[in-house]
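Results of the structural survey
One letter stands for each residue in the lines below.
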Amino acid sequence: MIHLRKIRYVKYYKQQQKSWKTIQKYGHVKYMSSWIWEDDNDKKKNSEINTSDTGAFPPLNKLKAQEIIKKAEAITEGVLLPLNERVLGPLEKGGDVKSRPYLPFVFCLGNHSSGKSTFINHVLGREVQKTGVAPTDDGFTVIAPSQNGDDMDQDGPALVGSPDAGFSGLRLFGPGLINHMQLKVRNGLELDGIMLIDSPGMIDSPSNQGKSLDYETTSRDRGYDFMGVTKWFAERADVILLFFDPDKPGTTGETLACLTKSLAGMDHKLHIILNKVDQFEKIHDFARAYGSLCWNLSKVIVRKDLPRIYTMRVPGDHPGSRTALADALQDLEQTRLEVINEVNKAPERRVDNTITHLYDNARLLRTHVLISNAVRDAYSSLAMKWRVGSFAALGSNGLLAYGALTLALPQVSMGFAFLGLLSFVGVNYQANQKLKEATVQMTSEEGLNSFFVEKHRLELADGDEFIESLWVRTRPQLQIALKTHGLSNTPKVESSVIKELEDIIGNEVNELRRLANPLPDVGY
């Protein structure tokens, strides 16, 4: 039985408030919370984060931002994660709220030689990452600002093992990943209170050519689950930048698989960049590469309108750069500034991303629970029907045997009794076979789709594409959960718990949105 009450996450929230008051008082993790808590020398700035460049919303106070994040964490810890663990739900493994990097961060992805490292150095205002035409990095690099004025490097085991850094969830991916991670703390960066995370360039191995969407093979070529790691970072990132270069505009299978597997459902914070456009000598070369990128993206982004593609270049003399086209396209500079502006929005986006993540998790879990209950009920109903049939066969022959016995016909009575036993065994055997067939059918993709359509007829009739996207993300883990538990042992989630999830989706999230973006009083 699952019994979840609001008091559980209220209690958690109060404990978190107490611990954060201690942190604020003594400042022992002041660096890790510098984007939230005001320094003694910073009180004159009134501790505000602008939530909108247009001024449509009032500025969000930093302490209120932390209040919103802690409330979202309390709901996640108190309600969603316990339920997810019980039903083997779709929320990620190691997805506890403590496993979140301590600063807002920008996650940089892209093809090999797409200019990620060059852009990172440009944004930071100093050379931190090595650059070049050949691959220069084979792991994930976390770049954080220094607070004491010193540069420092730390290897992957130390970074992932740190209890306060927020990367402990990456232990699940094993030493193959951990040994390919590093932390670079640098002084004098032009970004304040923001981390950048650089990733290894995506490229197809020789054995994988021509298998652009072979996810399983592509993901394991590096010695760890690359797509899983990418998804882990992307879900926690506040801004995601996906770089393409003119030579490989979206043609590598690893990049396309990344879009379908790791970045699904993250359009709200994903920015696609066609970089290094100063390499084109002629305008029709640029048009050909841009069209090729759009064509390749259309294969994995199934919708009428593709997202915006930023076309830009990083200033400076880079290998292969030419100035003919760059000088002719004045708007490249403006586009680059727009991308940098998105990078600088990472702190203010953390609040919105936290609320969005809470909403998304609650919807995923609700979808999982609804279909899981429907499958369990259908199986239980079928099992009950066969169980009643087997006992009916046994009971009817038992009555005949008793009748024959009362008529002093013992041999006839024994015959009916034996016949009843054979009928019981036969019906039971048939029932087991039918239930096995039903289990295979119900847990198949087609079977689960039928349950989904039945439970969401109204939403689907209204053309709700969001519920369909949720189902695509929920279905694989639901299949695993049903097969792991077995349909007869799948937990039954009570209607009160489902109602609690709906309350989070319909009320709690909306209240957090109002706190994050309070509309001005317009006098209505």
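What follows concerns the overall build of the chain. Tallying secondary structure elements over the chain gives 17 helices and 10 strands in all. When each of the 524 residues of the chain is scored for burial, the buried share is 48%. A sequence separation of at least 24 residues applies to 80% of the contacts in the chain between residues at least 6 apart. Taken as a whole, the chain presents about 26000 Å² of accessible surface, with 54% of it coming from carbon and sulfur.

A few words on the environment of Asn 449. Turning to its location among the elements, Asn 449 is positioned in helix H14 (residues 445–455). Once the C-alpha coordinates of Asn 449 and Trp 471 are considered, the two residues, 22 residues apart in sequence, prove to be 8.7 Å apart. Not counting residues up to four positions away in its chain, the partners in contact with Asn 449 are Trp 471 and Arg 475.

Spatial ordering of the open sheet is given by E5-E6-E4-E7-E3-E8-E9-E10, a layout of eight strands whose pairing is mixed. Two strands in the sheet have a free side with no partner beyond their single neighbour: strand E5 (152–155) and strand E10 (309–311). Taking each pair of neighbouring strands and ignoring which way they run, the sheet shows an average axis angle of 20 degrees. Of the pairings in the sheet, the one linking strand E3 (residues 105–110) to strand E7 (residues 195–198) comprises four bridges and is parallel in character. Bridge pairing in E7 links Phe 107 to Ile 197. Lying on the sheet, helix H3 (residues 116–124) is in contact with E3, strand E4 (140–145), E7 and strand E8 (239–244); it crosses E7 at an angle near 165 degrees.

A few words now on the pairing of strand E9 (residues 270–274). Across the five residues that make up E9, a large majority, five, are buried. Alternating residues of E9 divide into Leu 270, Ile 272 and Leu 274 and His 271 and Ile 273, and every residue in both groups is buried. Of the pairings in the sheet, the one linking E8 to E9 comprises five bridges and is parallel in character. Each bridged residue has a counterpart across the sheet, and for Leu 241 the counterpart in E9 is His 271. Alignment of E9 against E10, held across three bridges, turns out to be parallel. When the sheet's bridge partners are listed, Ile 273 is paired in E10 with Tyr 310.

On to the packing of helix H7 (residues 226–236) against helix H8 (residues 253–262). Following both chains from N to C, one finds H7 and H8 inclined at 55 degrees, their axes separated by 10 Å at the closest point. Classified by the angle between their axes, H7 and H8 sit oblique to one another. Read as a crossing pair, H7 and H8 show a hand that is right-handed. Contacts between H7 and H8 involve Phe 226, Met 227, Thr 230, Lys 231 and Ala 234 from the former and Glu 254, Ala 257, Cys 258, Lys 261 and Ser 262 from the latter. Residue composition of the contact of H7 with H8, by class: five nonpolar, two polar and three charged.

Here is a general trend for soluble globular proteins: nonpolar side chains tend to be buried in one another's company. With 52 residues, the main nonpolar core has Phe 107, Phe 140, Phe 167, Leu 170, Met 181, Phe 233 and Leu 263 as its most contacted residues. Leu 364, Leu 365, Tyr 379 and Leu 478 belong to the second-largest nonpolar core, a separate cluster that totals 45 residues.

Going through the model one piece at a time under the given rule, you end up with 12 aromatic pairs. Seen from their ring centres, Phe 167 and Phe 233 are 6.4 Å apart, and the 55 degrees between their planes marks the pair as tilted. On the criterion of sequence distance, the pair formed by Phe 167 in the loop between helix H4 (156–161) and helix H5 (175–178) and Phe 233 in helix H7 is long-range, its members being 66 residues apart. Residue classification places Phe 167 among the buried positions, given a relative accessible area of 0%. Here Phe 233 falls in the buried class, since its relative accessible area comes to 0%. Ring geometry for Trp 232 versus Phe 233: centroids 5.3 Å apart, planes at 85 degrees, classification edge-to-face. Of the two residues, Trp 232 and Phe 233, both sit in the buried class. Above the ring of Trp 232, the side-chain terminus of Arg 236 is found at 3.9 Å from the ring centroid.

On to the pairing of E7. Both faces of E7 are covered, namely the face carrying Met 195 and Ile 197 and the face carrying Leu 196 and Asp 198. Inspection of the sheet shows E4 paired to E7 by three bridges, in the antiparallel sense. Across the sheet, residue Val 142 finds its bridge partner in E7, namely Ile 197.

A word on the pattern of salt bridges. Under the counting rule described, the total for this entry stands at 13 salt bridges. Among the ionic pairs, Glu 342 bridges to Lys 345, the shortest N-O distance being 3.7 Å. A relative accessible area of 13% places Glu 342 in the buried class. Of the residues examined, Lys 345 reaches a relative accessible area of 18% and is grouped as buried. Salt-bridge contacts for Arg 514 lead to Glu 511; the nearest nitrogen and oxygen are separated by 3.5 Å. One end of the pair is Arg 514 and the other is Glu 511, both in helix H17 (residues 495–516) and three residues apart, which spans about a single turn. Judged by relative accessible area, Arg 514 falls into the exposed class, the value being 52%.

Structurally, the position occupied by Asn 373 is in helix H12 (residues 346–406). Overall, Asn 373 belongs to the buried group, its relative accessible area being 7%. For the pair Asn 373 and Phe 451, spaced 78 residues apart in the sequence, the C-alpha separation amounts to 10.0 Å. If sequence neighbours within four positions are ignored, Asn 373 has contacts with Pro 491, Lys 492, Val 493 and Ile 498. At 2.9 Å, the side chain of Asn 373 forms a polar contact with the backbone oxygen of Val 493.

With that settled, the discussion passes to unusual backbone geometry. Backbone geometry places Leu 88, a non-glycine residue, at a positive phi of 55 degrees. Checked against the element boundaries, Leu 88 lands in the loop between helix H2 (62–87) and E3. With a relative accessible area of 30%, Leu 88 lands in the partly exposed category.

Within the secondary structure, Asn 353 sits in helix H12. In contact with Asn 353, other than residues within four places in its own chain, are Ala 237, Asp 238, His 268 and Lys 269.

Running from N to C, H14 and helix H16 (residues 465–485) point in directions that differ by 125 degrees, and their axes come no closer than 11 Å. It follows that H14 is oblique to H16 by the angle criterion. Two packed elements cross with a definite hand, and for H14 against H16 that hand is right-handed. Two secondary-structure elements touch here, H14 through Glu 445, Leu 448, Asn 449 and Phe 452 and H16 through Ile 467, Glu 468, Trp 471, Arg 475, Leu 478, Gln 479 and Leu 482.

How each quantity is defined
Residues numbered from 1 in each chain as written. Predicted model: local features only at pLDDT ≥ 70, side-chain atom pairs only at ≥ 80, totals over all residues. Heavy atoms only, no water. Helix = DSSP H or I, 4+ residues; strand = E, 2+ residues; numbered from the N terminus. Buried < 20%, exposed > 50% of the residue type's maximum accessible area, 1.4 Å probe, protein only. Contact = heavy atoms within 4.5 Å. Areas by Shrake-Rupley, 256 points an atom, 1.4 Å probe, with all protein chains shown as cover. Pairing = 2+ DSSP bridges. Axes fitted to C-alpha atoms, helices over the stretch in contact; angles between N-to-C directions. Parallel < 35°, antiparallel > 145°, perpendicular 65-115°, else oblique. Left-handed = near helix turned anticlockwise from the far one by under 90°. Nonpolar A, V, L, I, M, F, W, Y, C, P; charged D, E, K, R; others polar. Core = buried A, V, L, I, M, F, W, Y, C linked by side-chain atoms within 4.5 Å. Phe/Tyr/Trp six-rings, centres within 6.5 Å; stacked < 30°, edge-to-face > 60°. Lys NZ or Arg CZ within 6 Å of the ring centre and 35° of its normal. Salt bridge = Lys/Arg side-chain N within 4 Å of Asp/Glu carboxyl O. Polar contact = N/O pair within 3.5 Å; in protein donor to acceptor, adjacent residues only side chain to side chain.

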